[in-house]
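Spelled out, the chains give:
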Amino acid sequence: MSLRLGDIAPNFTAKTSAGDIDFYEFLGNGWGILFSHPADYTPVCTTELGKTALLQEEFAKRNVKVLAVSVDPLEKHMGWIKDINETQKCEVNFPIIADEDRKISEAYDMIHPNASVNATVRSLFIIGPDKAVKLIITYPASTGRNFQEMLRVIDSLQLTANYSVATPADWKEGEDVVVVPAIKTEDIPAKFPKGFTAVKPYLRLTPQPNK
Ligand code: BEZ
């Protein structure tokens, strides 16, 4: 059965390029990104993992641990990481799981047999500190993901978790956010001292609270 938003992300143990891990221990009390790529030594994946490595500081700032998955073996990962570091001018420090028995790929429904019977698609899960799944995206093998967008989603999720706000379409860091519908308009001034604009009774905007 596939995972849905709000489900608890299954725990697992795995062999990775950074040693054996227990997923929950690896995440600790922070946020996590678990993402699959179709295969090692492939061009799009090489750029994706390079981009992720170059954004390590941005993920760390947000208390997000990153973990990649493919069904290729560990020895292959180790050789490929050298290529990624060389070609993408980065240092891959996050673990890449060697999911040879597909235990994790299957638990997270990362193999879509009508796309490929033996490779994972580009699945990505954001997992919250409560271990619940907060975001699921699935891209085809031929389209590399936008990792700036992953940071934007993390920022949005963390704003919601910490301040009871949501983010509008195309929202960018520093722009106004939306007060969640659960908060009554009369309660907004106490909760949002920077002020608010009621465009409609159901559309209340406020400056980003943590800026
Ligand atoms: C890649 O991972 O680079 C890739 C995989 C399948 C089709 C095209 C590119």
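In short, a report on the structure. None of the values given here were measured: they were computed from a predicted structure.

What counts and what doesn't
Residues numbered from 1 in each chain as written. Predicted model: local features only at pLDDT ≥ 70, side-chain atom pairs only at ≥ 80, totals over all residues. Heavy atoms only, no water. Phe/Tyr/Trp six-rings, centres within 6.5 Å; stacked < 30°, edge-to-face > 60°. Helix = DSSP H or I, 4+ residues; strand = E, 2+ residues; numbered from the N terminus. Lys NZ or Arg CZ within 6 Å of the ring centre and 35° of its normal. Near = heavy atom within 4 Å. Polar contact = N/O pair within 3.5 Å; in protein donor to acceptor, adjacent residues only side chain to side chain. Nonpolar A, V, L, I, M, F, W, Y, C, P; charged D, E, K, R; others polar.

1. Details of the packing of aromatic side chains
Point 1. Overall, the coordinates contain six aromatic pairs when judged by the stated rule.
Point 2. Centre to centre, the rings of F35 and F94 are 6.3 Å apart; their planes meet at 45°, and the pair counts as tilted. Of this pair, F35 sits in strand β3 (residues 31–36) while F94 sits in the loop between α4 (74–88) and β5 (96–98); the two residues are 59 residues apart in sequence, bridging distant segments of the chain.
Point 3. Clustering of aromatic rings is evident, with ring pairs tying together F12, F23, Y24, Y108 and F125.
Point 4. Cation over ring: K65 sits above F26, and NZ or CZ is 5.4 Å from the ring centre.

2. As for the site of the ligand
Point 1. Around the ligand, the neighbouring residues are T42, P43, V44, C45, R122 and A141.
Point 2. For the ligand, an oxygen atom lies 2.6 Å from a polar atom in the backbone of V44.
Point 3. Interatomic distance of 2.9 Å between a side-chain N/O atom of R122 and an oxygen atom of the ligand.
Point 4. Residue contributions to the shell around the ligand peak at three residues, all from helix α2 (residues 43–54).
Point 5. Here the shell around the ligand is composed, by residue class, of four nonpolar, one polar and one charged.

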